Amino acid sequence: MDPAPAGPGSERVGGMSETRASAGHVVVVGGGVSGLAAAHRLLAGGARVTVLEASPRIGGKLLAGELAGVPVDFGAESMLARRPEAVDLARSVGLSGRLQPPATASATLWTRGALRPMPKGHVMGVPGDVEALAASGVVSEEGLARIGREPLLPPAVLGEDEDVAVGEYLADRLGREVVDRLVEPLLGGVYAGDSYRISLRAAVPQLYRLAREGRSLTEGVRELQRRAAGQPDPGPVFMGLDGGVGTLPPAVAAACRAAGAEVATGVSATELRRTGEGWRLAVEGPGAERAAATASGTGRRVIEADAVVLAVPAPVAARLLAAEAPAAAAELAAVEYASMALVSMVFRRAELTPVPEGSGFLVPPVDGHTIKAATFASRKWGWIDAAAPDLFVIRTSVGRFGEEAELKRDDAGLVDVSLRDLGEAAGLRARPVATRVTRWTDGLPQYPVGHPDRVARVRERLAGLPSLRLCGAAYDGVGIPACIASAAGAAGAVLDTLTRRAADGGGE
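This is a predicted model, so every value here is computed, not measured.

## Considerations on the environment of A44
At step 1: Structurally, A44 can be placed in helix 1 (residues 33–44).
At step 2: Residue class for A44 comes out buried when judged on its relative accessible area of 1%.
At step 3: Separated by 215 residues in sequence, A44 and A259 have C-alpha atoms that sit 8.8 Å apart.

Dropping the structure here:
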């Protein structure tokens, strides 16, 4: 359904309509999906917006393109649809007709020398249905017996705000096999991290709530599933876009530009300083002049702003905040990142042995293989299949936190190890007709034990600067909807500050 026309005193911004609250100038540093979503929300609230992106393109970790004429995502390929933020943003910028769920969502695990079905009835690998787990062959008889004893163990109640590593807590309750062969590959697909370091509180809040209550995990998972079964059908878990999820950022940028925003690439913010009621950003790069930056007496180009949203990786935010908020900057500088690479390959279907059923497979690190996942993209996404019925696209991923040695291989080497593992796992023997390796160096922030407390400390130490806010994957979730929610929260807080300042006649 098309949105209703904007009423008196309001303006349309990329499909959104909102009363204009202020005319302040907000600079958004970072042109990934978080920064663009923040700009979109700011424009809807009446701000004048400038977006600065240091790289030559917008989109961050979302990148769509073509390989052998086939549309392919070279970054994230899907967005969680059970949260509304990403799907709503896509609709608001005119992409409703291109939203598509996966054609198949059934995945397997490559473990114990075979592709085995992903067991049904689990929450991030914690089983509710032990019979389904047994039938999959993923866990040994000893491992199954260990899981079966879990309801009889003494409660392990976490204290208020106490945090613990996902792997540590689950291994204590269910045994290491569940962690090593189910939890690790599932969490690795989200964070490219190590479950024995990742925060239970930050990464799996459903299980954290069970732990806080001292509940049996297996019984708690079954209860969660019973509740879900009694609810109306929520629809697909994931959603994609015809042409790739990487087409979302350009659509948001186009909507922002149409609403009057300046979206400039090739502009790096090098310094951020307060100027009484506002901020001054020193900028450099080939796009600095086009970004309406003025030349200062020192020869540098600067941009004046009433407020700033930093939608950049934590180390970049730390550098920019070092002068004005050194305590927050120190916390941000300690955030760790994982590097990984995506290997996209196009094959002739006629040369492929039958590709296993399903959308692809995950790989537990404990089995010692190089790739950590493979996606049969032509089977998973209908628009890829329709665009090239004679070709077949497979994507693999390599690298996770603390295990980046494989990423030292050159692109040809990453293709070779991917083909080797695909041959062992799925019997693939064909050679690709086209390949592309996309390296995401320091691409995924890590959420180790204590991460929520670190984020809380950062926000507490920025509380005295209400006209500056942070958003992005480093704070409240790495998925696309979580990033967009983070952006909306930051933009909303800035708009509130500008509105109060206008009402008070200036000042913070």
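## Focus: the layout of surface pockets
Taking a probe equal in size to a water molecule and rolling it over the atoms shows the remaining empty space.
At step 1: As a volume, the second largest pocket reaches approximately 260 Å³.
At step 2: Along its surface, the second largest pocket is lined by 18 residues, and H369, T370, K372, R400 and E403 are the ones closest to its centre.
At step 3: Elements that contribute at least two residues to the lining of the second largest pocket include exactly helix 6 (176–191) and strand 22 (371–376).
At step 4: No other element matches the four residues that helix 6 contributes to the lining of the second largest pocket.
At step 5: Split by residue class, the lining of the second largest pocket holds seven nonpolar, six polar and five charged.

## Brief notes about the pairing of strand 22
At step 1: Judged by how many residues are buried, strand 22 sits mostly within the fold: six of six residues are covered.
At step 2: Of the pairings in the sheet, the one linking strand 21 (residues 360–362) to strand 22 comprises three bridges and is antiparallel in character. Across the sheet, G360 pairs through a bridge with T375, a residue of strand 22.
At step 3: Sheet topology places strand 22 next to strand 23 (residues 391–398); five bridges connect them, and they run antiparallel. Its bridge partner being in strand 23, F376 is matched across the sheet by I394.

## Concerning the state of the cysteines
At step 1: What the rule picks out here adds up to zero disulfides.
At step 2: In this structure C256 is not part of a disulfide, and its nearest cysteine sulfur, from C471, lies 12 Å away.
At step 3: Free of any disulfide, C483 has its nearest cysteine sulfur in C471, 8.3 Å distant.
At step 4: On the basis of relative accessibility, which here comes to 6%, the residue C483 falls in the buried class.

## Let's talk about the confidence of the model for the chain
At step 1: Here the chain averages 91 in pLDDT, and 93% of its residues register 70 or above.
At step 2: Of the regions scoring below 50 in pLDDT, residues 1–21 engages in 42 contacts with residues more than four places distant in sequence or in other chains.

## Points about the sheet that holds strand 24 (residues 434–445)
At step 1: Pairing in this open sheet of seven strands is mixed, and the strands run 10-9-21-22-23-20-24 from one edge to the other. Single-partner strands in this sheet number two, and they are strand 10 (114–117) and strand 24. Sheet twist, expressed as the average angle between the axes of neighbouring strands with direction ignored, equals 25°.
At step 2: In the sheet, strand 9 (residues 107–111) pairs with strand 10 via four bridges, with the strands oriented antiparallel. When the sheet's bridge partners are listed, L109 is paired in strand 10 with R116.
At step 3: Relative to the sheet, helix 6 contacts strand 9, strand 20 (337–348), strand 21, strand 22 and strand 24, its axis offset from that of strand 9 by approximately 115°.
At step 4: In the packing of helix 15 (residues 411–426) onto the sheet, contacts are made with strand 9, strand 10, strand 20, strand 21, strand 22, strand 23 and strand 24, and the angle to strand 20 comes to roughly 70°.

Scoring rules and cut-offs
- Residues numbered from 1 in each chain as written.
- Predicted model: local features only at pLDDT ≥ 70, side-chain atom pairs only at ≥ 80, totals over all residues.
- Heavy atoms only, no water.
- Helix = DSSP H or I, 4+ residues; strand = E, 2+ residues; numbered from the N terminus.
- Buried < 20%, exposed > 50% of the residue type's maximum accessible area, 1.4 Å probe, protein only.
- 1 Å grid on protein atoms, 1.4 Å probe; cavity = no way out; pocket = protein on both sides within 12 Å on 5 of 7 lines; lining within 4 Å.
- Points joined across faces, edges and corners; volume = space filled by probe spheres on them.
- Nonpolar A, V, L, I, M, F, W, Y, C, P; charged D, E, K, R; others polar.
- Pairing = 2+ DSSP bridges.
- Disulfide = S-S within 2.5 Å.
- pLDDT = per-residue confidence, 0-100.
- Contact = heavy atoms within 4.5 Å.
- Axes fitted to C-alpha atoms, helices over the stretch in contact; angles between N-to-C directions.

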